[in-house]
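Examination of the molecular architecture
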Amino acid sequence: MTILDKIVEQKKKEIAAAKQLVSIATLEASPYFDRTPHSFKDFLLAPDRTGIIAEFKRRSPSKGIINDKALVEEVTQAYAAAGASALSVLTDEQFFGGAQKDVTAARRVNNIPILRKDFMIDEYQVLEAKAIGADVILLIAAILTPEEIAHLAAAAKSHGLSVLLEVHNLEELERSITPNLDAIGVNNRNLDDFSVSVETSFELAEHIPDEFIKISESAISNTHVIKDLKKAGFRGFLIGENFMRQADPGATIREFVKGL
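My aim in this report is to walk through the structure given alongside it, one point at a time.

Next up on the list: the packing of aromatic side chains. Counted by the stated rule, this structure contains 3 aromatic pairs. Ring centres 5.8 Å apart and planes at 50° place the aromatic pair Y79 and F243 in the tilted group. One end of the pair, Y79, is in helix α4 (residues 72-81); the other, F243, is in helix α11 (residues 241-244), and 164 residues separate them in sequence. Assessed through its relative accessible area of 0%, Y79 is described here as buried. Look at F243 and F256: their rings are 5.4 Å apart centre to centre, the planes differ by 80°, and that puts the pair in the edge-to-face class. Taken together, the residues span a long stretch of sequence, with F243 in helix α11 and F256 in helix α12 (residues 249-257) at a distance of 13 residues.

The next point concerns the environment of E14. When you line up the elements, E14 lands in helix α1 (residues 3-21). Sequence separation of E14 and D92 is 78 residues, and the distance between their C-alpha atoms is 9.9 Å.

Turning to the nonpolar core, a few remarks are in order. Core analysis: the largest hydrophobic core is formed by 77 residues, its most contacted members being F40, I52, Y79, I137 and L139. Counting residues per element, this core draws most heavily on strand β6 (residues 136-140), which supplies 5 residues. Each residue touching L139, except ones within four places of it in the same chain, is listed here: M120, L144, I149, L152, A153, V163, L164, L165 and E166.

So, on to the pairing of strand β9 (residues 213-217). Taking burial as the measure, the 5 residues of β9 include 5 buried ones, the bulk of the element. The alternating pattern of β9 places I213, I215 and E217 on one face and K214 and S216 on the opposite face, and all of these are buried. As defined by bridge partners, strand β8 (residues 183-187) adjoins β9 across 5 bridges and the pair is classed as parallel. Counterpart to I184 in the pairing with β9 is K214.

Cut-offs used in this document
Residues numbered from 1 in each chain as written. Predicted model: local features only at pLDDT ≥ 70, side-chain atom pairs only at ≥ 80, totals over all residues. Heavy atoms only, no water. Phe/Tyr/Trp six-rings, centres within 6.5 Å; stacked < 30°, edge-to-face > 60°. Helix = DSSP H or I, 4+ residues; strand = E, 2+ residues; numbered from the N terminus. Buried < 20%, exposed > 50% of the residue type's maximum accessible area, 1.4 Å probe, protein only. Core = buried A, V, L, I, M, F, W, Y, C linked by side-chain atoms within 4.5 Å. Contact = heavy atoms within 4.5 Å. Pairing = 2+ DSSP bridges.

Function cannot be read off these values alone, since they describe shape.
Put into structure tokens, the structure is as follows:
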């Protein structure tokens, strides 16, 4: 059983428990449920923004603890002030040390799109994302069938949420494209051995239809890589560990964007 398999099995248990504890009516009664989400596309393409999707992540299965001292409000505000186009906030607790309340905390103090970064396998999670103040959901092709991707993307769209599809290879990309996507992200991390290579993004760039915003995820550690990715058509750059592993992620992103 791979780590991804373990995460999905755990997620099924968590969703079943959540459905017993929090009804759909309760989610729909959230003060954030009726807000109009920010447009992921608009912020990624805004000339006064960097295209960076700055991630708040405490730990990961492959790296262990990355930063368990940082405060979500403080870090995400610093990200936004430095020109981030969007925020990515982990909500998986067991494997990444995240929480849904982190999205809500970030939402209270920021006015840019927030991606709920989690392993989405059920429409209930889409409603959760809307209820906690997220603007974007992530659909990971490696854990979903084409039918599930189409269903969850349509559900997200019906609530005004943007959709980011994550792929790791050409096979996932070709079988997963559906009309209700806003962006397609290439995860440069190999799920088999957790190695990273930005070459994955360059290899898949020409295969991503132009109607979708192209995003490169992981393995981005300097601005030269971003400049090269832009030449290949990418407009979004998800960066987490490069900022979070520093004692002051906000200062790190401020220094980083000077090179853009």
